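Fold and geometry: a report
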Amino acid sequence: MYSGPAATVYLTQLYTLTVQTGSNPQGVSVWVDWNHDGDYLDTGELVFSGYLGSPSALYTATISIPGGIPTGNTKMRVRSRAGSAPTNPCTHYAEGETEDYCIDVQGPICIWTGTVPSGAVWGHWTNPNNWDCGYVPTINNQVIIPNTPIQPAIVLADGNALSVNMHNGTKLNIVHNRRLNVATNWTAGTGTGAEVTFNPGPVRMLSQGGPSSISGNTRFQNLEIHAGANTVSIPSGAVSIRQGLDLMSGTLNTLGNLTLLASLPHTAAFIDNFSTGYTGTLVGNVTAQRRIPRSGGIFMSSPVNAGTISDITTDIGGTGHNGIGGDGSYFIADPTCTYMAPTSPWARVMQYNESAVTTCHFNGWQIRLSGSTTNGRGYLVNQPAAQLLYDFTGAANTGSISATVTRTATNTTATVGTNLLGNPYPSGINLDAFYAANSGEIGTAAYLYNGSTFNTVVMNDAVPSHISSFQGFQVVRTSVGSDPVTFNQGMRVRGNTISFTDEPNLSHKLVVEVRGRDAEHRDVTYVYFGEELSDGFDLKEDGYKFYSVEGYPTLYTLAPGMSWPVSLNGLSIGTTLKELPLGLHPGSSGQFVFTLKGGDRLPSGMRCTLVDKKEGKEVEVGEESSYVFEASGVELRDRFVLRFRREVGVAQNEGVQTPEKESRVEEEMGVEADRAWSVGNRVYLSLGQEVPGRLMLRLMDMSGKIVWTDAIENAVRGVYDLGELEVSGGLYILNWGDGRWSRSARLPLGLTK
């Protein structure tokens, strides 16, 4: 018997069979075991018999493949006999020859015609009039999709096919709640290839009956491998995925022909072998891509095992090495630990070694010129231009991975214990899950670098933060020592649009942003509140601030007893006045804008104001408030203050406050309590102290908009009638102060019993 199928044939189709005999006159007969019962005795299994009576005769027969027979490998027997045609498939003849072959019988062919369009370029897969076979293909049909003006769309129900052959330039649209199930093989053209486009519906490869393959050039939106115990291989072509690869069961052997695309900024295709019930495995290399939209410094990691530094430097136009020192040489800072010393090595790719730091944190940076990346480790990449596309090639990381974090006793810097890690997977990870597995070693904050400034994210908040694939991030080890942190499958998350920069998702969060001369020159700092938080610096609650690159602003707050800037400042919810210094290193001189968001999301009864000590101004912070100011390039640590206070004993009975139902404000700064109340639209203010100079008065609506202002010169203790205020009925905030302090009370105006 000849090994391997002699031909592939399809149910209900006609094929031509030719047989050439030898020099003696011989007849020929052909049998096929259509029903796979191991003999050639059944009706219809003799498919040809003839005798021409001449030497070296050429016999030609037309074979009709029956419908409804088993598919797969099928035996065919060809016999010759001297002087006449053989009449029995097994009887011994004195002169003749017997040869056995195997043919691969496949389901009937259905060719897409696109006769009935449902739009300008699409037609429904489920419309039988769009197929030359006259019916909608089933799991037993070989499907062929030519490049027709109207292409197929799977919208109304799932599609099915025994195998699929897509010609060059063809497109297939599968909507999000539908899929195409393919029992065996997928074939596409080797030129422009094919595309499963627009919508995220997946192609599911089933590998029914044995191994199957994906060959040719195809760009899938989503690809599912549900092959049971079988293997799907990619023996040739260029196969790529825009969104996700789901390894549900079986094995996908890429043979180096699979690319995970980053078709748009902030997108990267993911691999899922971690969802509940997924048991699939991946063999062979993949090329994983990520497009970074911004230039400048970024923290990066490799999603493949043993990625290389050249994977990075090739994409950014070289190492950028200044010629000083070799691979692994340490950065040298100037004596002030502010800038690079003239004798310092430099390259576009660097890694951080906390254990090498003593008095200057910059001296922990090492240049990388060659060699492999380390799984779970992050790298600082100085990207010279925007919209660069990165790619790593290797075996995708899909199991548990460990990375070491250190905190050395000889490191005397304020940022002692800082380590640069990286997401090692071709998918995002949940930072809350990462922190839960490693909270004994690290603080609550993770630090991302977004080109020029740092973002701080929280790893133990009610709303999870995510780290994207390719993303590096800094963490701080909380105790002296050196131990591993672990990444595992349970931390991984689906999605191809996880942003490369993130911000903390926090309840009771105040966001303060500063912008310089354009949108690129900006920075952000965060303040949040919780019953369980403390006001001092605690790595389990707060995060360091790392300075932006030269020329860009750095915005931060200061914690009690902490001289190093803070990017994430957690405070307790108390009833006492809290004044939080707001620091700014402008990076340049000119006009700046503070934008404060979240004043309406602070704990119940809490108000926030921004104080500019230099200008003697105080701005109430509402849902979103802005403050414009001028600054030189000098660092400002004492000019701005965030002032938080909570109102207590606020009475709002029936919408009216009287002297007996007054709005009381807590005593603060060693003075007697002031009081404010309203009757209708008339407002009263009782001062518990003298106020030399000018007492400024402002009334704001609940959005923070100022609707009325006034002032009292050299105010004395007593009750002031501020008059009837011309405002519509509702709840307002009355604020009064002399520029050094201020107080507020909520007042219902224009409301009656």
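This text gives an overview of the structure that appears in the document. (Residues numbered from 1 in each chain as written. Predicted model: local features only at pLDDT ≥ 70, side-chain atom pairs only at ≥ 80, totals over all residues. Heavy atoms only, no water.)

Our next topic: the overall build of the chain. Each helix and strand in the chain was counted, giving 2 helices and 58 strands. A compact globule built from 753 residues would reach a C-alpha radius of gyration of about 27 Å, whereas the chain, at 37 Å, exceeds it by more than 25%. Expressed along its principal axes, the backbone C-alpha trace of the chain runs to roughly 135 × 70 × 40 Å. In the chain, buried positions account for 55% of the 753 residues. Nonlocal contacts in the chain, meaning residues at least 24 apart in sequence, comprise 66% of its contacts between residues at least 6 apart. (Helix = DSSP H or I, 4+ residues; strand = E, 2+ residues; numbered from the N terminus. Rg over C-alpha atoms; globule rule 2.2 N^0.38 Å. Buried < 20%, exposed > 50% of the residue type's maximum accessible area, 1.4 Å probe, protein only. Contact = heavy atoms within 4.5 Å.)

Turning to the layout of surface pockets, a few remarks are in order. Its volume calculated, the largest pocket comes out at about 1,200 Å³. In terms of lining residues, the largest pocket is bounded by 40 residues, among which Thr338, Phe362, Tyr547, Ser548 and Val549 are the most central. Broken down by secondary-structure element, the contributors of at least two residues to the lining of the largest pocket are strand S26 (296-300), strand S27 (349-352), strand S29 (379-383) and strand S34 (445-451). At 3 residues, the largest contribution of residues to the lining of the largest pocket is made by S26. Its residues assigned to classes, the lining of the largest pocket shows 19 nonpolar, 17 polar and 4 charged. (1 Å grid on protein atoms, 1.4 Å probe; cavity = no way out; pocket = protein on both sides within 12 Å on 5 of 7 lines; lining within 4 Å. Points joined across faces, edges and corners; volume = space filled by probe spheres on them. Nonpolar A, V, L, I, M, F, W, Y, C, P; charged D, E, K, R; others polar.)

Moving on to the pairing of strand S19 (residues 212-215). Burial of S19 is two-sided: the residues Ser212 and Ile214 facing one way and the residues Ser213 and Ser215 facing the other way are all buried. Judged from the 2 bridges that link them, S19 and strand S20 (residues 218-233) form a sheet pairing that is parallel. Among the inter-strand pairings, Ser212 is bridged to a residue of S20, identified as Val232. (Pairing = 2+ DSSP bridges.)

The next point concerns the state of the cysteines. The tally for this structure, following the rule as stated, stands at 2 disulfides. Paired through a disulfide, Cys110 and Cys133 show a sulfur-sulfur distance of 2.1 Å. A torsion of 105° about the S-S bond marks the disulfide between Cys110 and Cys133 as right-handed. You can see Cys110 sitting in strand S8 (residues 109-111) and its partner Cys133 sitting in the loop between strand S9 (122-124) and strand S10 (142-145), a full 23 residues away along the chain. On the basis of relative accessibility, which here comes to 0%, the residue Cys110 falls in the buried class. A sulfur-sulfur separation of 2.0 Å characterises the disulfide bridge that pairs Cys337 with Cys360. For the disulfide bridge between Cys337 and Cys360, the dihedral angle about the S-S bond is near 85°, and by the sign convention the bridge is right-handed. (Disulfide = S-S within 2.5 Å.)

To continue, consider the pairing of strand S43 (residues 554-557). Regular strands place their side chains on alternate faces of the sheet. Side chains Thr554 and Tyr556 project from S43 onto one buried face, and the interleaved Leu555 and Thr557 project onto a second face that is buried too. One ladder, built from 4 bridges, connects S43 with strand S45 (residues 578-585); its direction is antiparallel. By the bridge assignment for S45, Thr557 is matched with Leu582.

Moving on to the nonpolar core. If you look at the biggest cluster of nonpolar residues, it comprises 54 residues, and the most contacted ones within it are Leu180, Trp186, Val203 and Tyr390. Counting residues in hydrophobic clusters, the runner-up holds 27 residues, among them Leu510, Phe592, Leu610 and Leu642. (Core = buried A, V, L, I, M, F, W, Y, C linked by side-chain atoms within 4.5 Å.)

One non-glycine residue, Ser207, lies in positive phi territory at about 50°. For Phe470, which is not glycine, the phi torsion reads 75° and is therefore positive. Here Phe470 is to be found in the loop between strand S36 (466-467) and strand S37 (472-476). Overall, the relative accessible area of 1% leaves Phe470 in the buried class.

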